[in-house]
Amino acid sequence: MTKLILLLTCLSLPWLLINISRASASISETPKHYVVYMGASDPKLNENEGNDQVSESAYLQLLSSIINPSQESESERERISIVHNYNHAIRGFSAMLTESEASVLSGDSEVVSVFPDTMLQLHTTRSWDFLEGKAARQSTWASHKHLSDDVIVGLIDTGIWPESPSFKDEGVGPVPSRWKGICMEGFDFKKSHCNRKLIGARYYNTTLLSKSYLINKSHYGKAKNSPRDTIGHGTHTTSIAAGARVANASYYGLAKGVARGGSPSTRIASYKTCSAEGCSGATILKAIDDAIKDGVDMISISIGMGSLFQSDYLNDPIAIGAFHAEQMGVMVICSAGNDGPDPYTAVNTAPWIFTVAASSIDRDFQSTVILGNGQSFKGSSINLSNHSRSNVYPVVFGKDVAAKFTPASEASNCYPGSLDAKKVVGKIVVCVNDDPTVSRKIRKLVVEDAKAEGMILIDDGEKGVPFDSDIFSFVQVDNDVGSHILKYINSTKKPTGAIIPTVEVLRQRPAPIVAFFSSRGPGQITENILKPDIMAPGVAILAAMIPQSDEPGAVPTGLKPSDFALKSGTSMACPHVTGAAAFIKSVRPKWTSSMIRSALMTTASEYNNMGKPLTNNSNSIASPHETGVGEINPMKALNPGLVFETTLEDYLQFLCYYGYTEKNIRSMSNTKFTCPKLSMEELISNINYPSISISQLNRHHGAKVIKRSVTNVGPFNSTYIAKVHSPQGLVVKVSPEKLFFSKGVKSVPFRVSFSGKDAQSGYNFGSITWFDGRRSVRVVFSVNVE
């Protein structure tokens with residue numbers, strides 16, 4: 001930091017004049033919130049309690065050289081202030097800047113990158129029993145004798161509802177002495193809301209900053225806020241990861257059972273960074289920095305950029321924060337996003353992030369449609385209506401009850417404003433989904449607001465992902481069933497029908513399957529790392545919820561708001577992996593984050609509960625671009641045999657291969673790291689990752705050799721033999737074919753060669769399994785043959 005202050009005080013006059021001239025030209029530009037990222041902080045300076053003030057003083061001096069201090073405008077003087085000061089693992093700050101000022105700052109020798117704050121989006125019981133059930137004849141997690149309750153998980157989300165029974169601390173020991181965090185008070189949140197389970201809570205200004213920040217700065221500083229969750233997303237994800245055991249939990253009788261997190265003994269630290277509008281990237285970066293400083297072991301983030309607007313690794317706040325967390329020994333688990341089923345939609349794909357896809361479990365929620373001709377059809381829904389078989393109503397197709405001057409196609413899709421309320425009232429309306437940009441929630445609200453008695457949605461796309469319509473009678477059917485319903489409507493003058501409320505269907509087969517919405521690989525930014533990494537339950541997951549008594553139609557008449565809710569999304573899958581990782585950490589406290597990730601990946605299941613390969617929502621065999629390496633199997637991951645240790649040097653080489661400058665990489669790592677002389681993107685495939693991905697294998701250029709190294713965490717004197725599963729035409733050879741581990745040998749390298757001369761064009765998937773007679777270490781590969 002001394003170096004930075006010296007740099008600021010020794011600026012040459014010509015440089016300063018250029019900056020003043022540029023800043024003057026930018027007065028008419030609208031200031032926006034920017035992150036100024038300056039790399040890793042100095043650990044020695046962090047030992048000094050006054051470092052916050054020293055760094056902020058330096059950052060203010062830097063801003064003063066950019067924002068013309070001679071201007072008389074009060075708003076210009078106000079802008080010489082720091083919004084977020086990153087001062088623990090990360091060095092940098094955020095401030096209100098014009099585009100021109102940001103451009104000038106980006107040229108400073110101390111600055112790695114400058115990027116505008118963006119609004120990131122939330123990626124929104126039995127699931128754990130389902131995961132345990134797959135580990136046949138294995139002991140249950142709860143009976144494991146070596147569980148530690150000193151694992152601390154940080155959840156960066158919408159906050160927490162502390163009164164939820166999922167966060168009670170009965171039977172939990174004293175707070176670990178290494179915990180350095182705080183329990184921030186707010187207007188509706190007291191320090192007493194924290195306990196031995198919920199050990200920390202922070203909140204931030206959750207609004208994306210704009211010019212109004214300058215005008216109302218005092219208001220922003222005094223705005224009512226607290227760590228309390230007013231949306232429900234954070235409470236839900238937190239309880240999935242680490243909720244306490246709650247008996248007789250249900251969502252108004254549905255999914256009844258014992259609710260619990262993956263690691264109920266784990267401590268929770270909540271970081272509220274999101275509002276109903278979304279999540280400020282600059283604030284998420286601050287929360288990651290705080291969580292590292294507080295002493296968490298891992299961070300769970302069910303948030304991400306939209307897949308269409310992905311940034312590279314030095315302009316993505318989650319990627320930057322996660323890099324520094326990994327550097328400090330803190331594992332970061334993120335959701336892959338909900339933009340499936342299209343390819344290239346996965347987000348949070350940096351190799352130092354554990355990226356999670358979503359799957360179903362062996363439970364479904366179904367409603368039945370009974371038509372006036374006696375035919376009945378099953379569909380998917382979570383509706384809490386009080387209708388029964390005797391509640392029969394006229395059934396109409398959307399296009400037949402269209403509002404005046406509305407195209408039939410819009411009315412068929414039940415677009416907003418497309419229906420004639422007089423023709424809809426008291427009827428069940430059938431809608432189709434020809435336009436995925438209009439959500440089920442919007443269509444349901446259109447029909448409900450027109451005073452209909454119910455809705456049948458014909459939609460193949462999102463089948464298997466039940467929609468919660470609250471007390472409104474709703475059911476979704478596939479195209480085949482939909483054609484029968486439309487045929488019936490056209491066959492009689494007065495079609496009628498009834499929708500029976502939801503029932504729970506257990507032991508659903510096959511399960512798991514890839515969720516329709518789950519974002520797919522390959523990664524947009526680089527295809528030489530296989531993403532997503534792994535799959536976990538994310539469909540209709542029962543977990544804690546905030547009371548929603550203020551939402552009309554959300555609570556059945558005569559009942560109180562539920563303490564639990566059923567939600568779907570990779571947001572729900574991510575904390576399943578977090579809980580699993582926390583469980584492994586509690587049993588294997590000396591394992592690093594890359595060892596835990598490797599253990600979960602190499603032991604993941606590639607089969608469903610019918611013993612067949614995993615499938616997607618189209619009933620096709622799922623590829624690793626959909627499932628990653630497969631479905632998590634936490635009990636098996638406790639004894640993986642071998643692990644792939646991905647080191648900081650691997651990540652730094654990755655940055656070299658990707659094309660970043662050695663200067664920026666040194667700033668990020670606070671080291672004197674030197675890039676390999678040969679640095680090209682195709683070499684990314686060689687970093688020591690638990691899976692293999694090759695973006696280009698030219699069939700005419702001979703074999704491509706990939707290097708890996710494994711570390712023995714099983715018994716001494718073990719011998720592992722390789723078995724290759726590859727598609728026809730792709731020649732895969734492993735050298736050596738046997739790995740020997742004696743008492744003095746912990747790590748052994750091996751090579752894999754891929755030759756695609758006779759392979760099919762496009763991506764070819766397979767695996768290499770190392771087997772010692774008891775343990776299987778499965779390494780999935782993805783190879784694009786050209």
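The UniProt entry for the chain carries the following text under Sequence similarities (unreviewed entry): "Belongs to the peptidase S8 family."

### A closer look at the UniProt feature "active site" (unreviewed entry) in the chain
This chain's UniProt record puts "active site" (unreviewed entry) on Asp157, His233 and Ser571. The greatest C-alpha distance among the annotated residues, which extend across 415 residues, is 10.0 Å, indicating that they converge on a single site. Here His233 shows up in helix H10 (residues 233–242). With respect to the helices, strands and loops of the structure, Ser571 is situated in helix H17 (residues 570–587). On the basis of relative accessible area, Ser571 is assigned to the buried category, the value being 0%.

### Overview of the sheet that holds strand E30 (residues 692–697)
With mixed pairing, the five strands of this open sheet are ordered in space as E30-E37-E36-E32-E34. Edge positions in the sheet fall to E30 and strand E34 (738–741), since each has one partner strand and no second. Strand after strand, the sheet turns through a mean of 20° between neighbouring axes, direction not considered.

### What about empty space enclosed by the protein?
Estimated volume of the largest cavity: approximately 100 Å³. Lining of the largest cavity is provided by 14 residues; of these, Gln310, Asp316, Val347, Asn348 and Thr349 occupy positions nearest its centre. Looking at the lining of the largest cavity, its residues break down into nine nonpolar, four polar and one charged.

### Focus on the environment of Ser483
Note on placement: Ser483 falls in helix H16 (residues 479–491). Its relative accessible area of 38% is what places Ser483 among the partly exposed residues. Note: C-alpha distance between Ser483 and Ile458 (25 residues apart in sequence) is 8.6 Å.

### Details of the nonpolar core
Residues Ile299, Trp352, Ile534 and Leu600 are the most contacted members of the largest nonpolar core, which totals 113 residues. Among the elements that take part in this core, H17 stands out by supplying nine residues, more than any other. If you look at the next biggest cluster of nonpolar residues, it comprises 25 residues, including Val710, Phe750, Ala759 and Ile768.

### A look at the side chain of Ser695
Mapped onto the secondary structure, Ser695 falls in strand E30. Here Ser695 falls in the buried class, since its relative accessible area comes to 15%. Sequence-distant contacts of Ser695, defined by excluding residues within four places in its chain, comprise Glu527, Asn528, Tyr763, Asn784 and Glu786.

Rules and cut-offs
Residues numbered from 1 in each chain as written. Predicted model: local features only at pLDDT ≥ 70, side-chain atom pairs only at ≥ 80, totals over all residues. Heavy atoms only, no water. UniProt positions renumbered as here; feature names shortened; annotations may be inferred. Helix = DSSP H or I, 4+ residues; strand = E, 2+ residues; numbered from the N terminus. Buried < 20%, exposed > 50% of the residue type's maximum accessible area, 1.4 Å probe, protein only. Pairing = 2+ DSSP bridges. Axes fitted to C-alpha atoms, helices over the stretch in contact; angles between N-to-C directions. 1 Å grid on protein atoms, 1.4 Å probe; cavity = no way out; pocket = protein on both sides within 12 Å on 5 of 7 lines; lining within 4 Å. Points joined across faces, edges and corners; volume = space filled by probe spheres on them. Nonpolar A, V, L, I, M, F, W, Y, C, P; charged D, E, K, R; others polar. Core = buried A, V, L, I, M, F, W, Y, C linked by side-chain atoms within 4.5 Å. Contact = heavy atoms within 4.5 Å.

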